[in-house]
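# Topology and contacts: notes
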Amino acid sequence: MNEAKGGARAKRLLSRVPRTRIHPPSENFPVHPWGITEARYSHELLGQAETICALANGYLGLRGDFEEGTPVSRPGVFLNGFHETWPIVYGENAYGFAKTGQTIVNATDAKIIRLYVDDEPLEIHKARLLEYRRTLDWRAGTLDREILWETPSGKHVAISSRRMVSMTHRHLALLTYEVRCLNDTAHVLLSSEMTTRRLGGTGEPDPRRVTGFDGSVLIPLAQRARGRRVILCHQTRSSEIALACGMDHQLTTAGRCRESSRCDENRADVVFSVDLGAEQPVRLTKFLAYHFAEECEVDELCNRAERTLDRNMEIGETRLFEEQRAHYDAFWERADVEIEGDPRVQQAVRFNLFQVRQATARAEGHGVPAKGLTGQGYEGHYFWDGEIYVLPYVTYTDPRLAGNLLLFRWAQLDRARARAKELGHEGALFPWRTINGDEASAYYAAGTAAYHINADIAYAMRKYAAATLDEHFLLRGGVDVVVETARMWLSLGHFSERRGGAFCINNVTGPDEYTAVVDNNRFTNMMARENLRAAIRGVQRVRESHPKDFEQLARRTQLDMAELDAWERAAERMYLPVDERTGIHPQDDSFLDKPRWEFAQIPADKHPLLLHYHPLTLYRRQVIKQADVVMAMFLLGADFTLDEKRRNFDYYDPLTTRDSSLSSCVQSIVAAEVGYEDKAMEYFLEAALVDLGDIGGNVVDGVHVASAGGVWMALVYGFGGMLDHDGELDFHPRLPSQWSRLRFPLAWRDRRIEVDIRRTEVSYRLIDGPALTLKHGGEPFELAPESPLIRRPGAVE
């Protein structure tokens, strides 16, 4: 269906939900293809800038608060998995409710470097700044700042700083800070500090934000101070996780310098006092090391921090910055998406891809927090976001990393088994939100009842296996997870006599959290069916190809081959009705019976609805927080005809508030597929700008990592038209009229390919690996090395 045919219908589907975008003045944030620059200081955007300028590597994250320690909105240093636990208190408790909350801890902050010139402190928000420029450089992987400060006495002081969280050295962060007085002599004092913070929550009744703590979370264990080096070791009060933070320094100057240091349990500083002549610089390089562990001797943990400092100080800042640049050069070569026709969109796209890299690159042994390591939003928890929104991008650009991220779920399988047993189920039930593997959601209706998390994990594993043919992953634990999740579905559902023996799954919550604890949620039932079938295929594949490994699998899981027949029967008889009157696939058994939400009567300041209406008010209406049936049409698109997709989209899209940042990218993908170009672009831009435009008003709490991954999905699946069903790649490109080119690389079964979409042609090029078969518009073609293939773009029929 072309735009001319679909334009009128797309206009009728224009969003009913207001979206406020913050557009900072272009002179403050000029367009640049490889970074974002803050060209002047804006106190109004302080908190947002701390998030946007955050640096991380998946293990360690530093928010973008200023080195000088002030002004500050929400300073932060976060480590993936470093968390505190606390008892969840219910007014009325019940069996099986989550017992223990988990919250990522704001760790020891060692990024502070305070500057005093002739005893006057540099305070950015109060200083007379003749020049100011701060840049997040996506190719260098650094945050760079240039300031020219006129002191109260008229001295012009140039300050240059650079910050990096290393991608090649997981536990390392590096800061450089250079000061030069341009027009006079000056006394310069640099105070390099390390401190713990006592920070509570926001005090706002917003479930997306962090829970505060009464009193200190970090308990001192040990301190080491020697010359310019300091190590502080603490332990969380309840979870008993130990953290060692170390800092060391190198100073370069021709001026006269005096040094001093002090250290106590929760604070340390190393002070450099330098007398400088005019144009004479002083340069401080600060090395930071972070290590945390459970059940580790204090001395050993401190020694780990010491060894990280020793090794990287020997390597030196020059080589460390070069390694960082080389890492990002390699990343962008295999993972960039190029757009011609709109420079601001190109900038926004690369911002989102950079954020996914920061959240995942060195997350070995951990999941992907909803906010990455850029803030404490959602308490640092892992949701289904990682598997459904982040893993596709990682799988198709860095398969090795994708496999590592999925093995994190396998490592938590025993806890998932225990949770299933607690709730009376067979197999395993993964937590809706967690850090340590235990359920941390206190609201079961939108937490534990979201059983689809099991199928989401199995789906991601199946997609990874199809894209990589990684047999080792299946044998190492992938099949175990798929088997145990399949068992859970069989014990949760039942064959209903009233529905002719169909397999029904009752009292569940799908992706739409405005419709909770319902029977036969369409998304859940379809994903459960996919999970059951994946388990059957996985077991059969191991049995046929790896008989010895199959014996171990059967022993580990106590597998009875008769279970496969039961799984097949449940999958074949899964209850998936179609409404006879409308031809719509009902979101659940009762959704179509409810009255519609009166969007026109709701003022703009009442969004998101979850902050202004009781859950029961929402549950009784046809109102959708995020794509649900539409999500199923994307993930399991081969199970719907194009007409069915269009009919369902027409019905559900006007009911969707997009109060979740996870929705817009999916709606964009399906809108593109059914021929609604205007709508697809509208939703795509909303996803791309959710952080840069602060659309949800909560970017201060951290970036929306899942939405960032969804931006890639909207580009590749939506406008690129990629279908990856049944182990095949089939492209149906649909380039937006606003763009002249869309180009992206993909990793597929030990090959690297490039898809280059232009207005009049689409080219496919094999970058690495042997020849393979792909499809364009459903027609297969052979792609060989050094023989790119060119096709004409297709259109939706």
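If you're wondering where the values come from, they're calculated on a predicted model, not measured in any experiment.

About the thresholds
- Residues numbered from 1 in each chain as written.
- Predicted model: local features only at pLDDT ≥ 70, side-chain atom pairs only at ≥ 80, totals over all residues.
- Heavy atoms only, no water.
- Helix = DSSP H or I, 4+ residues; strand = E, 2+ residues; numbered from the N terminus.
- Rg over C-alpha atoms; globule rule 2.2 N^0.38 Å.
- Buried < 20%, exposed > 50% of the residue type's maximum accessible area, 1.4 Å probe, protein only.
- Contact = heavy atoms within 4.5 Å.
- Areas by Shrake-Rupley, 256 points an atom, 1.4 Å probe, with all protein chains shown as cover.
- Lys, Arg positive; Asp, Glu negative; His and termini not counted.
- Charge placed at Lys NZ, Arg CZ, Asp CG, Glu CD.
- Salt bridge = Lys/Arg side-chain N within 4 Å of Asp/Glu carboxyl O.
- Pairing = 2+ DSSP bridges.
- Axes fitted to C-alpha atoms, helices over the stretch in contact; angles between N-to-C directions.
- Polar contact = N/O pair within 3.5 Å; in protein donor to acceptor, adjacent residues only side chain to side chain.
- Parallel < 35°, antiparallel > 145°, perpendicular 65-115°, else oblique.
- Disulfide = S-S within 2.5 Å.

### Section: the overall build of the chain
Each helix and strand in the chain was counted, giving 19 helices and 30 strands. Taken over the C-alpha trace, the chain has a radius of gyration of 27 Å; the compact-globule value for 797 residues is 28 Å, and the two agree within 12%. Each of the three principal axes of the chain carries a C-alpha extent, and together these read 90 × 60 × 55 Å. When burial is assessed residue by residue, the chain has 61% of its 797 residues classed as buried. The contacts of the chain with a sequence gap of at least 6 include a subset with a gap of at least 24, amounting to 68%. Just so you have it, the chain exposes about 30,000 Å², and 46% of that area is on carbon and sulfur atoms. Mean positive and mean negative side-chain charge positions of the chain (98 and 114 charges, respectively) differ by 1 Å.

### Observations concerning the pattern of salt bridges
Side chains that differ in charge, positive against negative, can pair when their charged atoms come close. Evaluated as defined, the whole model comprises 67 salt bridges. Residue Glu123 is joined to Lys126 by a salt bridge in which the shortest nitrogen-to-oxygen separation is 3.9 Å. When its relative accessible area of 23% is taken as the criterion, Glu123 is described as partly exposed. Across the salt bridge formed by Glu338 and Arg743, the nearest N and O atoms sit 2.7 Å from each other. Of this pair, Glu338 sits in strand 20 (residues 338–340) while Arg743 sits in strand 25 (residues 741–748), and the two are 405 residues apart along the sequence.

### A closer look at the sheet that holds strand 1 (residues 35–38)
Within the open sheet, the 9 strands sit side by side as 1-9-10-11-12-19-16-15-14. Their pairing is antiparallel. Each edge of the open sheet carries a strand with a single partner, namely strand 1 and strand 14 (218–226). The sheet shows a mean angle of 15° between the axes of neighbouring strands, taken without regard to direction. Along the sheet, helix 3 (residues 298–315) contacts strand 12 (172–181), strand 14, strand 15 (229–236), strand 16 (241–253) and strand 19 (281–294); its crossing angle with strand 19, the most-contacted strand, is approximately 145°.

### A closer look at the pairing of strand 9 (residues 128–137)
With 4 bridges connecting them, strand 1 and strand 9 associate as antiparallel partners. In the strand pairing of strand 9, Thr37 is matched with Thr135. Inspection of the sheet shows strand 9 paired to strand 10 (residues 142–150) by 9 bridges, in the antiparallel sense. What sits directly across from Arg133, in strand 10, is Glu146. Hairpin connection, strand 9 to strand 10: the antiparallel pair is bridged by 4 residues, and Gly141 has positive phi, about 70°.

### Overview of the environment of Thr657
With respect to the secondary-structure elements, Thr657 resides in the loop between helix 16 (642–652) and helix 17 (663–673). Accessibility expressed as a relative area gives 0% for Thr657, which makes it buried. Separated by 32 residues in the primary sequence, Thr657 and Lys625 place their C-alpha atoms 5.4 Å from one another. A polar contact of 3.1 Å, which involves the side chain of Thr657, links it to the backbone nitrogen of Asp659.

### Some remarks on the pairing of strand 15
Counting buried positions along strand 15 gives 7 out of 8 residues, so the element sits mostly inside the fold. With 8 bridges joining them, strand 14 and strand 15 adopt antiparallel strand pairing. When the sheet's bridge partners are listed, Gln223 is paired in strand 15 with Leu232. Hairpin connection between strand 14 and strand 15: a loop of 2 residues separates the two successive antiparallel strands, and Gly227 in this loop has a positive phi of roughly 60°. In terms of strand pairing, strand 15 meets strand 16 through 6 bridges, oriented antiparallel. Within the sheet, the bridge partner assigned to Leu232 lies in strand 16 and is Cys245. Between the end of strand 15 and the start of strand 16, which pair antiparallel, lie 4 residues, with Glu240 showing a positive phi angle near 60°.

### With respect to the packing of helix 5 (residues 343–360) against helix 6 (residues 385–395)
For the pair helix 5 and helix 6, interaxial distance at closest approach is 11 Å and the crossing angle is 95°. Relative to helix 6, the element helix 5 is oriented roughly perpendicular. Between helix 5 and helix 6, the residues in contact are Leu353, Val356 and Thr360 and Val390, Tyr393 and Val394, respectively.

### Brief notes about helix 6
A large share of helix 6 lies buried, amounting to 11 of its 11 residues. Where helix 6 is concerned, the buried positions are Asp385, Gly386, Glu387, Ile388, Tyr389, Val390, Leu391, Pro392, Tyr393, Val394 and Thr395.

### Some points on the state of the cysteines
A complete count under the given rule lists 0 disulfides for this structure. This cysteine, Cys257, is not joined by any disulfide, and Cys181 carries the nearest cysteine sulfur, 17 Å off.

### Some details on the sheet that holds strand 7 (residues 109–117)
Whenever strands of a sheet pair, they do so through backbone hydrogen bonds, lying parallel or antiparallel. If you walk across this open sheet you meet the 5 strands as 8-7-13-18-17, and the pairing is antiparallel. Looking along the sheet, the strands with just one partner apiece sit at the ends: strand 8 (120–121) and strand 17 (256–263). In this sheet, strand 8 lies alongside strand 7 in antiparallel orientation, the contact comprising 2 bridges. Bridge assignment links Tyr116 to a residue of strand 8, and that residue is Pro121.

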